[in-house]
Amino acid sequence: MQIRIIGESPCLEGQSSRFRKGIGTIFPARKVIVTLPGIHATQRLAFIDELDEQQIKDRRPGLGQAEIDQIIADSVNLYFDGDCILIRPDPENLELAFDADEVLQTLTSKTNIKFLQVSDELVLHAIKQRGESWRITPLPRSPFEIREMILNARIGIHGEAIYYHNRFTGSRLLTCEAFHRLGKLSAEDLANHLDEIREFAGIRNRLGYLEIVFFQAGALGAEQFASYDFKKLCSAELLRVFNDLGKRFASEVSPVFQRDNVEDPEWRQGMFSALVGQSDKSVADEILLGLSSEYFLQLQWLPGCRIQGGEIFPDTVFDEFLQSPERRDLAALCDPKVRNFIFNAVREYGELDYMNVAHIPSALSRGTMADERRGVYLAEIKPKQQAQPVVRIIRMQKWDVSGHLDNGKDLLDAVLQSSEYTDYVLDRRLACRQLGMNLVPRIQMCHLREVYQGPNRRWQGQVVWSTYFERDYCHGIATDKISPAKLVDSAYALILARLLGKAAAPNLIVGRQDHNFRVLFDDGDEIVREDKGLPVEIVIGDATGAFADYTTTLDHFSRYYAQPVLRRWQHLKRPEEFAEAYLGAFASEFARIQEEYFKRRRAFDALFHHCIADPKGNLAFRWVKILARLEHTQPADVAECIRKEIHPG
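Quick caveat: nothing in here was measured; it's all calculated off a predicted structure.

A.B. asks: Mind laying out the sheet that holds strand β18 (residues 463–472), listing which residues take part and the relevant values?
C.D. replies: Sheets are built from strands paired through backbone hydrogen bonds, the pairs being either parallel or antiparallel. Taken in spatial order, the six strands make up an open sheet running β11-β14-β15-β16-β18-β17, and their pairing is antiparallel. With partners counted over all chains shown, the strands left at the sheet margins are β11 (300–302) and β17 (443–451), one partner each. Ignoring strand direction, the axes of neighbouring strands in this sheet form an average angle of 30°.

A.B. asks: How would you summarise the packing of helix α18 (residues 490–509) against helix α21 (residues 575–599) if you had to cite specific residues and measurements?
C.D. replies: Closest axis-to-axis distance for the α18/α21 pair is 7 Å, and the angle between their directions is 40°. The orientation of α18 with respect to α21, classified from their angle, is oblique. As α18 runs across α21, the sense of the crossing is right-handed. When α18 is examined against α21, the residues Ala493, Leu494, Ala497, Arg498, Leu500, Gly501, Lys502, Ala504, Ala505, Pro506, Leu508 and Ile509 are found in contact with a partner set consisting of Glu577, Phe578, Ala581, Tyr582, Ala585, Phe586, Glu589, Phe590 and Ile593. Classifying every residue of the contact of α18 with α21 by side-chain character gives 16 nonpolar, one polar and four charged.

A.B. asks: How would you summarise the confidence of the model for the protein chain if you had to cite specific residues and measurements?
C.D. replies: Per-chain confidence: the protein chain averages 89 in pLDDT, with 94% of residues scoring 70 or above. Counting contacts from residues 278–290, a segment whose pLDDT is below 50, to residues more than four positions away or on other chains yields 31 contacts. When the criterion is pLDDT under 50, residues 365–373 qualifies, and its contacts beyond four places in sequence or with other chains add up to 25 contacts.

A.B. asks: Residue-level account of the environment of Glu348, with values.
C.D. replies: The residue Glu348 is located in helix α14 (residues 336–349) in this model. Since its relative accessible area comes to 33%, Glu348 is described here as partly exposed. When the C-alpha positions of Glu348 and Thr175 are compared, they lie 55 Å apart, and in sequence the two are 173 residues distant. Setting aside chain neighbours within four positions, we find Glu348 in contact with Arg392, Arg442, Gln444 and Glu470.

A.B. asks: So what's going on with the sheet that holds strand β3 (residues 32–34)? Residues and values would help.
C.D. replies: Ordered in space as β1-β3-β2-β4-β5-β6, the six strands form an open sheet in which the pairing is mixed. Single-partner strands in this sheet number two, and they are β1 (4–6) and β6 (113–115). Across the sheet, the mean angle separating the axes of adjacent strands is 30° when strand polarity is ignored. Its contacts with the sheet place helix α1 (residues 40–57) against β1, β2 (22–27), β3 and β4 (76–80), and it is angled at close to 45° to β2.

A.B. asks: Lay out the side chain of Asp101 with the relevant residues and their values.
C.D. replies: Here Asp101 lies in helix α3 (residues 94–104). Look at Asp101 and you get buried, because its relative accessible area is 0%. Excluding residues within four positions of it along the chain, Asp101 makes contact with Ile87, Ile113, Phe115, Arg130 and Arg135.

A.B. asks: Could you give an account of the nonpolar core, with specific residues and numbers?
C.D. replies: Ranked by internal contacts, the top residues of the largest apolar core, which has 61 residues, are Leu435, Phe547, Tyr561, Tyr582, Phe586, Trp623 and Ile642. Those elements that provide at least two residues to this core are α16 (411–434), α18, β21 (534–540), α21, α23 (619–631) and α24 (635–645). Broken down by element, the residue count for this core peaks at 12 residues, all from α18. Beyond its immediate stretch of four places on either side in the chain, Leu435 contacts Pro506, Ile509, Val510, Phe547, Ile593, Phe604, Trp623, Ile626, Leu627 and Leu630. In terms of nonpolar packing, the next biggest core, distinct from the first, is built from 50 residues, Ile157, Leu174, Phe214 and Ala217 among them.

Conventions used here
- Residues numbered from 1 in each chain as written.
- Predicted model: local features only at pLDDT ≥ 70, side-chain atom pairs only at ≥ 80, totals over all residues.
- Heavy atoms only, no water.
- Pairing = 2+ DSSP bridges.
- Helix = DSSP H or I, 4+ residues; strand = E, 2+ residues; numbered from the N terminus.
- Axes fitted to C-alpha atoms, helices over the stretch in contact; angles between N-to-C directions.
- Parallel < 35°, antiparallel > 145°, perpendicular 65-115°, else oblique.
- Left-handed = near helix turned anticlockwise from the far one by under 90°.
- Contact = heavy atoms within 4.5 Å.
- Nonpolar A, V, L, I, M, F, W, Y, C, P; charged D, E, K, R; others polar.
- pLDDT = per-residue confidence, 0-100.
- Buried < 20%, exposed > 50% of the residue type's maximum accessible area, 1.4 Å probe, protein only.
- Core = buried A, V, L, I, M, F, W, Y, C linked by side-chain atoms within 4.5 Å.

Listed below in structure tokens is the structure:
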């Protein structure tokens, strides 16, 4: 049975993935969508009227109240937003929303259908449980996107598009300027719009929100319009009443909100906050419980699998991709590695309730190499036996078999060199821990199977095993993303200074650099964990770039290690105290590591005796050089060199 549409088709002519802006109401069991002008309530009434007329035409009794109530209960609100259809689920009847989703997929691709209302815990959990976090509607992430969202939020009811539509609550925001612009209309059109405002400003939708809200005008409401029958007023009286209401509107609104100006940051932020609401904004910033906001803003959620009764059902969007491999949007979305991650998680944890995987398209720290093409992912895994989900970071090995094949290597050489690099990564982590670096406790090496499709024609189509590393997500906030407002608190700042100094010592000792010889520290890999609002420790998420430099004397890097102080200087109440706390903790930790080496020299020296030191620069060779440099460095001298570099401009 095909979808029947009452009103104008939501799809633009000749297109199945572009939609006219507006609202709709779907009745999944009847496969009917109503798109008539109005609000969702009037669309439901229009469908009920049609059914009632058909009953009478067929010489059957008209619809009873119980039947009408059931028809209304079996409907779902939709929003057509240009490039997608948005479903607003009822938290009390989520299966109905998923039924609507199934029906809509006969109209357009699943990739064009998203869910709203995820600020509700029940809705969010249900979508995540289906393995479909990728279908949660993201909020704008940049000033440009916020601007576009506001401009595209304009909508009408029966007349002009004079409202800004909050698609989360269903409310339509009427601004002071939009109201005053009605004065340019004919008397008939003005009366119709004022009557529309009068009618809908006093009506609440199914979620309990007003259909029309007067933006930033707290004391203005439906009661100011209720006493007028605008359509019966003569032109002169209508204009007088309109002007009086306009003056009342303006008196309630501060000057910055009397004119619609999306370029004004204050107006833009005020409108954005009103369009999304604080609770929905929180979902955008923290879609996973406890996940810091800098991660969410980089995440691209991907299709994977739905898990029911222990059985795994790959997302149907992969079937779409198989049928339309030329579609670039599907190619970007359907990452075959995701299913491998899920299969490996099932092997590790046993039965899962759900698992959602996101790709992190851009680096969150400067430590990621520019040519690191293998990718970083985040997974939220809910084992059936555990009360809470676990969050893991997945990083594909950079130099794996495919990478070496891309560089023209033979398959055997690619396999051997990939395995050698895996050992290097794991040994590097061991060495960093030996030298006092506070790393995330657990890391797991895993493999997945891929079909090689790179430029090395000899091995195209060859099945290869790719390595990835999976570690626990460290809850906290990266040191470089701590709000300046926290630094104003001297107690917070001094503790942070000591923790930064303590973390800087092993970082300097192991010579962390990127491929451009830039020191890596305080740039996104260092995570501050807090307790009762104060920092308690810094955990290193990833030791990328460790042992990159193993020959230069350590005082050479003093200007880089002055930066954690200098970049915070202007935000501190007592910057000199911050600097001294940082330097004191640095020198103390450096001396402690050095003393540990002197006391247990054999344990350090013998750590990589099982490996042959290669002067070309394998880890065993670098380890010897790092220890020799550590032995001959005076912590106080290095701290003094850093102090000399701390001279704010």
